[in-house]
Amino acid sequence: MELEMELLLQKARENVEAAQSYRRELGQRLQEAQRQIKESASRTRDVLKQHFSDLKETLGKLLDERLVTLLQEVDTIEQETIKPLDDCQKLIEHGVNTAEDLVQEGEIAILGGIEEQNEKLWSFTKKASHIQLDSLPEVPLLVDVPCLSAQLDDSILNIVKDHIFKHGTVASRPPVQIEELIEKPGGIIVRWCKVDDDFTAQDYRLQFRKCTSHHFEDVYVGSETEFIVLHIDPNVDYQFRVCARGDGRQEWSPWSIPQIGHSTLVPHEWTTGFEGYSLSSRRNIALRNDSESSGVLYSRAPTYFCGQTLTFRCSFCKWKGNDKPVACSYLWIYCHI
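Residues numbered from 1 in each chain as written. Predicted model: local features only at pLDDT ≥ 70, side-chain atom pairs only at ≥ 80, totals over all residues. Heavy atoms only, no water.

Moving on to the pairing of strand S1 (residues 176–184). Relative to strand S2 (residues 187–194), S1 runs antiparallel, the two being bridged by eight bridges. Bridge pairing in S2 links Val176 to Lys194. As consecutive antiparallel partners, S1 and S2 are separated by two residues, and within that stretch Gly186 has a phi angle of approximately 75°, a positive value. (Pairing = 2+ DSSP bridges. Helix = DSSP H or I, 4+ residues; strand = E, 2+ residues; numbered from the N terminus.)

What follows is the structure, encoded as structure tokens:
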């Protein structure tokens, strides 16, 4: 009886611990979900404010530049068309002043004595004959003179208003999300899927970074929904995110929620020091060289296991001009498990 009670108490304690652990996990998930909503909302507000602030500043600069250009055109037309009229005004004023001087001289000649009058009238008549009072420049008619005006299309306000009202959207979640991360020797396979049925994806864009880095870098752009990211350091956490571009669109969708992944499998390397083979800088590619030796090539460590795929590309024969093989290479693969 005591043993049964002890077992029941032990089972009850285990159930309580499991329930408490489950409650902690649910509470943690709830906090993470709330934090994600609040932080993403805050980021979205900042992005919207910054974008529209930049947009207003850019539009203001463009409008100011256009206004300056139009005002310069007004100044140019005014200066070019007013100059002939200024020259005409100077000629008219000169002619009028000459006529006034001649009138004063004629009045003095008339009021003088007979002898003096005859001499002054003769001088006045001679001077008047040299002055053409009817040769003043003609002033153009108003219809022949420029009359400046501004032509402004008010419909641009409606066009801009329509574009502004349609500019930008707020999405509650990205249209694509990372579905699976699969570790490989020296790499990670990233798979993603479309979660918005109304979104038609044309291209996808995958980025990654080390969790200690502040900047993502592009690693794939294309129409496939999976990609293997190579040159991954083992036991190092990486962040991955993906976005999509809609059919016929230029802009990219919002980024997916970043997912953290790592690979515990070290990258494959061939062992150095064997004759007959040349290795790449990362020692993951081995090529036959011209050495007469046909030694065995060993991997540095057992990086591939059952269920994993290892691909070999081999050149079996070398040929001469007579189309007959002069040397052949054979490939033997031994797997120690």
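The structure having been displayed, the exposition proceeds.
Below, the discussion takes up a nonpolar patch on the surface. Together, Ile156, Leu157, Val160, Ile164 and Phe165 make up an exposed nonpolar region whose accessible area comes to about 520 Å². Tracing the backbone shows Phe165 in helix H3 (residues 155–166). Taking the relative accessible area as the measure of exposure, Phe165 reaches 67% and is therefore exposed. (Patch = residues over 30% accessible without salt bridge, like charges linked within 9 Å, V, L, I, M, F, W, Y side chains within 5 Å. Areas by Shrake-Rupley, 256 points an atom, 1.4 Å probe, with all protein chains shown as cover. Salt bridge = Lys/Arg side-chain N within 4 Å of Asp/Glu carboxyl O. Buried < 20%, exposed > 50% of the residue type's maximum accessible area, 1.4 Å probe, protein only.)

Time to look at the nonpolar core. Val190, Trp192, Leu206, Val229, Phe240 and Val242 are the most contacted members of the largest nonpolar core, which totals 16 residues. For this core, the elements supplying multiple residues, two or more each, are S1, S2, strand S3 (201–210) and strand S6 (238–246). Top contributing element to this core by residue count: S6, with four residues. Excluding residues that lie within four positions of it along the chain, Val229 makes contacts with Gly186, Gly187, Ile188, Val190, Leu206, Phe208, Val219 and Phe240. (Core = buried A, V, L, I, M, F, W, Y, C linked by side-chain atoms within 4.5 Å. Contact = heavy atoms within 4.5 Å.)

This part takes up the pairing of S6. With respect to burial, S6 is a largely interior element, nine of its nine residues being buried. The alternating pattern of S6 places Tyr238, Phe240, Val242, Ala244 and Gly246 on one face and Gln239, Arg241, Cys243 and Arg245 on the opposite face, and all of these are buried. For S3 and S6, the ladder comprises nine bridges, and the chain directions are antiparallel. Across the sheet, residue Lys210 finds its bridge partner in S6, namely Tyr238. Pairing of S6 with strand S7 (residues 259–261), which is carried by three bridges, proceeds in the antiparallel orientation. Bridging across to S7, Tyr238 finds its partner in Gly261.

Phi at His231 takes a positive value of approximately 60°, unusual for a residue other than glycine. Of note, His231 is situated in the loop between strand S5 (226–230) and S6. For His231, a relative accessible area of 47% gives the class partly exposed.

What holds strands together in a sheet is hydrogen bonding between their backbones, with the strands either parallel or antiparallel. Sheet architecture is open: four strands sit in the order S4-S3-S6-S7, paired in antiparallel fashion. What marks the edges here is a single partner per strand, and that holds for strand S4 (217–222) and S7. Going across the sheet, the axis of each strand differs from the next one's by a mean of 30°, ignoring polarity. (Axes fitted to C-alpha atoms, helices over the stretch in contact; angles between N-to-C directions.)

Pairing of side chains with opposite charge becomes possible as their charged atoms draw close. Counting across every chain of the model gives eight salt bridges. The salt bridge partner of Glu57 is Lys61, with a shortest N-O separation of 3.5 Å. One end of the pair is Glu57 and the other is Lys61, both in helix H1 (residues 2–111) and four residues apart, which spans about a single turn. A salt bridge links Arg205 to Asp218; the nearest nitrogen and oxygen atoms lie 2.9 Å apart. Of the two residues, Arg205 sits in strand S3 while Asp218 sits in strand S4, which places them 13 residues apart along the sequence.

By the secondary structure assignment, Asp203 is in strand S3. The exposure class assigned to Asp203 is buried, which follows from its relative accessible area of 17%. In this structure Asp203 touches Gly222, Ser223, Cys243, Ala244, Arg245 and Trp252, once residues within four positions along its chain are discounted.

With that settled, consider the environment of Tyr220. Structurally, the position occupied by Tyr220 is in strand S4. Take Tyr220: its relative accessible area is 14%, and that puts it in the buried class. Look past the residues within four positions of Tyr220 in its chain and what remains in contact with it is Trp192, Tyr204, Arg205, Leu206 and Phe227.

Turning to H3, a few remarks are in order. Its twelve residues give H3 an end-to-end C-alpha distance of 17 Å, which sits within 8% of 16 Å, the value for a rise of 1.5 Å per residue. Positive phi shows up at Gly168, right after H3, with a value of about 85°. (Expected span 1.5 Å × (residues − 1).)

Sheet architecture is open: three strands sit in the order S1-S2-S5, paired in antiparallel fashion. At either end of the open sheet lies a strand with only one pairing partner, and these are S1 and S5. Going from strand to strand, the sheet's axes swing by 25° on average, the running direction of each strand aside.

In short, shape yes, function no, at least from these values alone.
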